[in-house]
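Fold and geometry: a report
For reference, the chains in residue letters:
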Amino acid sequence: MRTGLYESHRRAGAAMVDFHGWEMPIRYDQIPAEHLKVRESAGLFDLGHMGRLELRGPDTVSWVDHLVTSDIASLEVGGARYGLVCAPDGGIIDDVIAYRLPDRIFLVVNASNRETVVRWFEEHREGRDAKLADRTLEMAMVSIQGPRAVEVVAPLIEDLPTSLEEMPYYRIAPARVLGEDSLVATTGYTGEHGVEIYAPGDLAIGLWDGILQSGGELVAPIGLGARDTLRVEAGMPLYGNEIDRDVNPFEAGLGFAVALEKGAAFVGRDALARVRDEGPRRKLVGLRIESRKIARSGMTLSQGGRDIGKVTSGIPSPSLGVPIALALIDADVRQADGIEVDIRGTRFPAVPEPLPFVSRTRKKRKRAL
């Protein structure tokens, strides 16, 4: 499949890859240069591959609250909330962002899991008076991230309830973008503040070109390669790497998104309550690799001759200038040193680092382990 911006990417010389069935740009320039453009100024992403779902009807809130771990009933209109869709055993089916609007809840889900999430919701509607519509192919979704992002995109947005500069993090509001009814959200996946825009599909090219023209040298198009390095620095999990059906939210450091005490029971609640009370078997950690070599996903970690876990994501960090990694390791690992990673038969020190490595939107943990 192709987003409405496919031809724009090709004209810009993007290297294209298959990403869960979508032809997407992996890079336009070198990935480290694109990464630093976002950290230092602003970068523009095509996120048309992400799933966009609308849920409407009198029972919409109870439906979503039943299937998402975070507290959706308490979410105010205009708010956004991160959450997980879990199986009865607590394994993660997907991670989502739920936006509450006056007449609906808008869910953004991963490209790889869109059809699975749609089926899961329909299978668990249980007679509720509400309906789900998949708007993925009807809507454009672009994201501009970085310290200059708001400055770049603000001239294209009108009729917001407040100014874009005053809009808090993790909010959504209706607006006019290039004269068309759209949604503007202050969310992102980079560790930087920014704006995500949901607009009619036929506005995609005009919106993309308009942002690049508005920003001039302040902004550049960014591919999925730098999006990945940015989210690893920010300690943000990726489905299929840090989280999947065999990982529960507490293992992945996402316990903040599990509202066990909310009014509504939800699928997976009992299993997750047991994990909270007994403690998870594994934990997600950040590691700095003391080598010029990169610790890639699946590589084994050991301590004192004992295998303790696996790397889930590893990159050469453009911001820090050293290799870093995310890893799932045994929960009983406490020692702050002595961890090694096996990189193609040679073991190198892997030093625990508090997460996130780099972020303007997330507070750094006080301890690494």
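Our subject is the structure that appears above.
Below you will find a few notes about this structure. (Residues numbered from 1 in each chain as written. Predicted model: local features only at pLDDT ≥ 70, side-chain atom pairs only at ≥ 80, totals over all residues. Heavy atoms only, no water.)

**Section: the sheet that holds strand 7 (residues 104-109)**
Spatial ordering of the open sheet is given by 5-6-7-4-8, a layout of five strands whose pairing is antiparallel. Every interior strand has two partners, whereas the edge strands, strand 5 (80-86) and strand 8 (131-134), have only one. The sheet shows a mean angle of 30° between the axes of neighbouring strands, direction not considered. The strands touched by helix 4 (residues 114-123) within the sheet are strand 4 (51-56), strand 5, strand 6 (92-101), strand 7 and strand 8, with strand 8 carrying the most contacts at an inclination of about 165°. (Pairing = 2+ DSSP bridges. Helix = DSSP H or I, 4+ residues; strand = E, 2+ residues; numbered from the N terminus. Axes fitted to C-alpha atoms, helices over the stretch in contact; angles between N-to-C directions. Contact = heavy atoms within 4.5 Å.)

**So, the nonpolar core**
If you look at the biggest cluster of nonpolar residues, it comprises 45 residues, and the most contacted ones within it are Tyr99, Phe106 and Tyr198. The set of elements that each furnish at least two residues to this core consists of strand 5, strand 6, strand 7, strand 9 (139-145), strand 12 (180-185), helix 7 (224-233), helix 8 (269-278) and strand 18 (323-330). Excluding residues that lie within four positions of it along the chain, Tyr99 makes contacts with Gly79, Ala80, Arg104, Ile105, Phe106, Val108, Ile172, Ala185, Thr187, Glu196 and Tyr198. Core analysis: the next-biggest nonpolar cluster, separate from the first, contains 30 residues, Ala42, Leu44, Ile144 and Ala204 among them. (Core = buried A, V, L, I, M, F, W, Y, C linked by side-chain atoms within 4.5 Å. Buried < 20%, exposed > 50% of the residue type's maximum accessible area, 1.4 Å probe, protein only.)

**Some details on the side chain of Ser182**
The topology assignment puts Ser182 in strand 12. Relative accessible area serves as the criterion here: at 7%, Ser182 is assigned to the buried category. Of the polar contacts made by the side chain of Ser182, one reaches the backbone oxygen of Glu180; its length is 3.2 Å. The residues contacting Ser182, other than those within four sequence positions of it, are Ala173, Pro174, Ala175, Val177, Tyr198, Ala199, Pro200 and Leu203. (Polar contact = N/O pair within 3.5 Å; in protein donor to acceptor, adjacent residues only side chain to side chain.)

**Considerations on the packing of aromatic side chains**
A full pass over the atoms with the stated rule returns six aromatic pairs. Consider the rings of Trp63 and Phe121, whose centres lie 5.7 Å apart with planes at 65°: the pair is edge-to-face. Placement of Trp63 in helix 3 (residues 60-67) and of Phe121 in helix 4 is noted, with a sequence separation of 58 residues between them. Here Trp63 and Phe121 have matching classes, each one buried. One Lys or Arg, Arg125, reaches over the ring of Trp63 and ends 6.0 Å from the middle of that ring. (Phe/Tyr/Trp six-rings, centres within 6.5 Å; stacked < 30°, edge-to-face > 60°. Lys NZ or Arg CZ within 6 Å of the ring centre and 35° of its normal.)

**Re the environment of Glu76**
Residue position: Glu76 is located in the loop between helix 3 and strand 5. Taking the C-alpha atoms as reference points, Glu76 and Ala185, separated by 109 residues in sequence, lie 14 Å from one another. Excluding its chain neighbours within four sequence positions, the residues that come into contact with Glu76 are Arg100 and Arg171.

**Some words on unusual backbone geometry**
At the junction of Leu355 and Pro356, the peptide bond is cis and its omega measures out at -5° in the coordinates. Structurally, the position occupied by Pro356 is in the segment after strand 20 (346-353). With phi around 50°, Arg344 is a residue other than glycine that occupies positive phi space. Counting through the fold element by element, Arg344 comes out in the loop between strand 19 (339-343) and strand 20.

**Brief notes about the pattern of salt bridges**
Applying the stated criterion across every chain yields a total of 29 salt bridges. The residue Glu122 makes a salt bridge to Arg125 at a minimum N-O spacing of 3.3 Å. Exposure remark for Glu122: the relative accessible area of 34% places this residue in the partly exposed category. Note that Arg282 is salt-bridged to Glu251, the shortest N-O span being 3.1 Å. Linking Arg282 in strand 15 (residues 282-289) with Glu251 in the loop between helix 7 and helix 8, this pair joins segments that are 31 residues apart in sequence. Given the relative accessible area of 2%, Glu251 is considered buried. The structure contains a network of salt bridges with shared partners spanning Glu54, Arg56, Asp103, Arg104, Arg135 and Glu138. (Salt bridge = Lys/Arg side-chain N within 4 Å of Asp/Glu carboxyl O.)

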